[in-house]
Amino acid sequence: MAVGVFDLFSIGIGPSSSHTVGPMRAAAVFAEELKRLGVLSRVASLRVDLYGSLAATGHGHGTMTAVLLGLEGFHPELILPEEVEERLAAIAETGTLTLAGAGGEGVPLPYGVKDMVLRPLTVLPRHTNGMTFTVSDSGGAVLHAATFFSVGGGFIVREGEEDAAQQELDASKKELPLPFRTAAELLAHCADTGLGIGDVMLVNEKSSRTEEEIRAGLLHIWSVMEACVATSLKREGVLPGGLKVRRRAPDWFDRLKKECARPGVDSQDLDFTGWDFHDPKYWQEWVNLVALAVNEENASGGRVVTAPTNGAAGIIPAVLYYALHFAPGMDTATQEDRDAVVARFLLAAGAVGVLYKEQASISGAEVGCQGEVGSASSMAAAGLAEVMGGTPAQVENAAEIAMEHNLGLTCDPIGGLVQVPCIERNAIAAAKAINAAKMALWGDGTHRVSLDEVIITMRETGKDMSDKYKETAMGGLAVNVVEC
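In this report, the structure presented in the accompanying data block is examined.

Analysis parameters
Residues numbered from 1 in each chain as written. Predicted model: local features only at pLDDT ≥ 70, side-chain atom pairs only at ≥ 80, totals over all residues. Heavy atoms only, no water. Helix = DSSP H or I, 4+ residues; strand = E, 2+ residues; numbered from the N terminus. Rg over C-alpha atoms; globule rule 2.2 N^0.38 Å. Buried < 20%, exposed > 50% of the residue type's maximum accessible area, 1.4 Å probe, protein only. Contact = heavy atoms within 4.5 Å. Areas by Shrake-Rupley, 256 points an atom, 1.4 Å probe, with all protein chains shown as cover. Lys, Arg positive; Asp, Glu negative; His and termini not counted. Charge placed at Lys NZ, Arg CZ, Asp CG, Glu CD. Pairing = 2+ DSSP bridges. Axes fitted to C-alpha atoms, helices over the stretch in contact; angles between N-to-C directions. Parallel < 35°, antiparallel > 145°, perpendicular 65-115°, else oblique. Left-handed = near helix turned anticlockwise from the far one by under 90°. Nonpolar A, V, L, I, M, F, W, Y, C, P; charged D, E, K, R; others polar. Core = buried A, V, L, I, M, F, W, Y, C linked by side-chain atoms within 4.5 Å. Salt bridge = Lys/Arg side-chain N within 4 Å of Asp/Glu carboxyl O.

## So, the overall build of the protein chain
Piece 1. When its secondary structure is counted, the protein chain shows 19 helices and 9 strands.
Piece 2. Taking 23 Å as the expected radius of gyration for a compact globule of 484 residues, we find that the protein chain reaches 22 Å, a close match to that expectation.
Piece 3. For the protein chain, the spread of C-alpha atoms along the principal axes amounts to about 70 × 55 × 45 Å.
Piece 4. Per-residue burial over the protein chain gives 58% buried out of 484 residues.
Piece 5. Considering only residue pairs separated by 6 or more positions, the protein chain has 75% of its internal contacts joining residues 24 or more positions apart.
Piece 6. Accessible area for the protein chain stands at about 19,400 Å²; split by element, carbon and sulfur atoms hold 52% of it.
Piece 7. Positive and negative side-chain charges in the protein chain, numbering 39 and 62 respectively, have mean positions lying 4 Å apart.

## Focus: the pairing of strand β4 (residues 107–110)
Piece 1. By the alternation rule, side chains of β4 split into Val107 and Leu109, which are all buried, and Pro108 and Pro110, of which none is buried.
Piece 2. The pairing of strand β3 (residues 96–99) with β4 spans 4 bridges and is classified as antiparallel. Its bridge partner lying in β4, threonine 96 is registered against proline 110.

## A word on the packing of helix α10 (residues 249–260) against helix α11 (residues 283–299)
Between two packed helices, the angle of one axis relative to the other and the distance separating the axes together describe the packing.
Piece 1. Contact geometry for α10 and α11: axes closest at 9 Å, N-to-C directions at 155°. Comparing their axes, α11 and α10 come out roughly antiparallel. For the pair α10 and α11, the crossing hand works out as left-handed. Only Glu285, Trp286, Asn288, Leu289, Leu292, Ala293 and Glu296 of α11 make contact with α10, whose side of the interface consists of Ala249, Pro250, Trp252, Phe253, Leu256 and Cys260.
Piece 2. Taken together, the residues that form the contact of α10 with α11 break down as 10 nonpolar, 1 polar and 2 charged.

## Observations concerning the sheet that holds strand β5 (residues 117–119)
Piece 1. With mixed pairing, 5 strands are arranged side by side in an open sheet as β5-β2-β6-β7-β8. Looking at the sheet topology across the chains shown, the edges are occupied by β5 and β8 (155–158). Neighbour to neighbour, the strand axes of the sheet diverge by 20° on average, direction disregarded.
Piece 2. Its contacts with the sheet place helix α3 (residues 52–61) against β2 (45–51), β5 and β6 (130–136), and it is angled at close to 95° to β2.
Piece 3. Along the sheet, helix α4 (residues 63–71) contacts β2, β5 and β6; its crossing angle with β2, the most-contacted strand, is approximately 140°.

## A closer look at the nonpolar core
Piece 1. Phe9, Trp286, Ile315, Ile316, Val319, Leu320 and Leu346 are the most contacted members of the largest nonpolar core, which totals 106 residues.
Piece 2. Per element, the largest residue contribution to this core is 13 residues, and it comes from helix α13 (residues 335–359).
Piece 3. In this structure leucine 346 touches Val5, Phe9, Leu218, Ile221, Ile316 and Leu320, once residues within four positions along its chain are discounted.
Piece 4. Grouped together as the second largest cluster of nonpolar side chains are 31 residues, Leu46, Leu97, Val107 and Leu143 included.

## A closer look at the pattern of salt bridges
Piece 1. Inspection of the entire model under this criterion finds 19 salt bridges.
Piece 2. In this structure, the salt-bridge partner of glutamate 358 is arginine 181, at a minimum N-O distance of 3.9 Å. Taken together, the positions of glutamate 358 in helix α13 and arginine 181 in the loop between α6 (162–174) and α7 (183–193) put the pair 177 residues apart, joining distant regions of the chain.
Piece 3. The buried category is assigned to glutamate 358, whose relative accessible area is 13%.
Piece 4. Accessibility expressed as a relative area gives 37% for arginine 181, which makes it partly exposed.

And the structure:
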């Protein structure tokens, strides 16, 4: 199917969409195939090969444990954090994986993280995030094997089916009322119909869902984002993984409550979603707080919304939070008004996300962090410009400005963990998105560099970028900063 808003904003677990969500999804698909092919009961052995970036940074990104959960039959959008902890603890304690066992009978196999074959220096032709699953019977005969690629944002592609998948995608796009692949095509639809960018996306979404279902789905996405922040603000201590990165969001929240609470109000009773204490002069601190909270939760393997990746999951929630609490007129808005802002913001952001998926990449292992944080910043800028009354040209300009100033951004996390520089980078990129939207709204929409030109530049920059800086833990901060 054509890429839609619910593909770009999906619910999953941290810390990485390409290294956690995608591998879990691929493993779950493989496990389901064993049942469908009728070979599950004959499986006696399992082999998992991880290639390229998945092997190089998989330990820090939770790739191996995600694969184990997927092989048990769990899907990232359905599994709860407590189930993750329970199943991983059971596998570690017993040394036994229950293949395709989620929700029913499975096949117990002696298998764990240490049994996976890591090939960090072998990059398969299709993508650096490659993985192969193979099961054999008691005589050693292969019963079923499949190779998948995690191509960013939790999306997976099976080896040998790339052409068929592309043909299906192209066919589904032709069925859309207002198909677009480029920003130029998107703006042309706006000019022809008089619709905004978010409206064009809504028209296309209505080809597969009712408007009520779309609205409910988008509000659910926002509720999960809010819940992610709320959960993170209750956690303290250091993040897992060995870097000993301290959680800052809870302390920041306490300080903001004290700084912003009105006289006579007990700051401890205030909730981050309320209106009691959103002093406009602290808008950037609130934006920073939301971005940090989301990404600290992601780094701990919590429940997040992939937007459009996990490594960049804090940017869109932070900018949408700004739109709901600091944009002009929102202090007197009704709940219905606020819900409309959420839907319109996410639809416009999603439309820009489609452009990146169509023309370039949102995978850090493929084009560096410009494809993750850069894309999210661009999407967020578009969403904010849209809900603040921007014309289609101004919205496109906002998206262009945000990406133009993220070009060349590398992906070199220390220890392969989605912590440094990822968490702070989300806060910085959220502020960039807000500034980009404001700059675009002070213009008339005309500008020298188009969004399409910037997207193509990002794609080409990613191709030219040394592999050291594309999520391999072989360059940049990953090698110049001592982990302990």
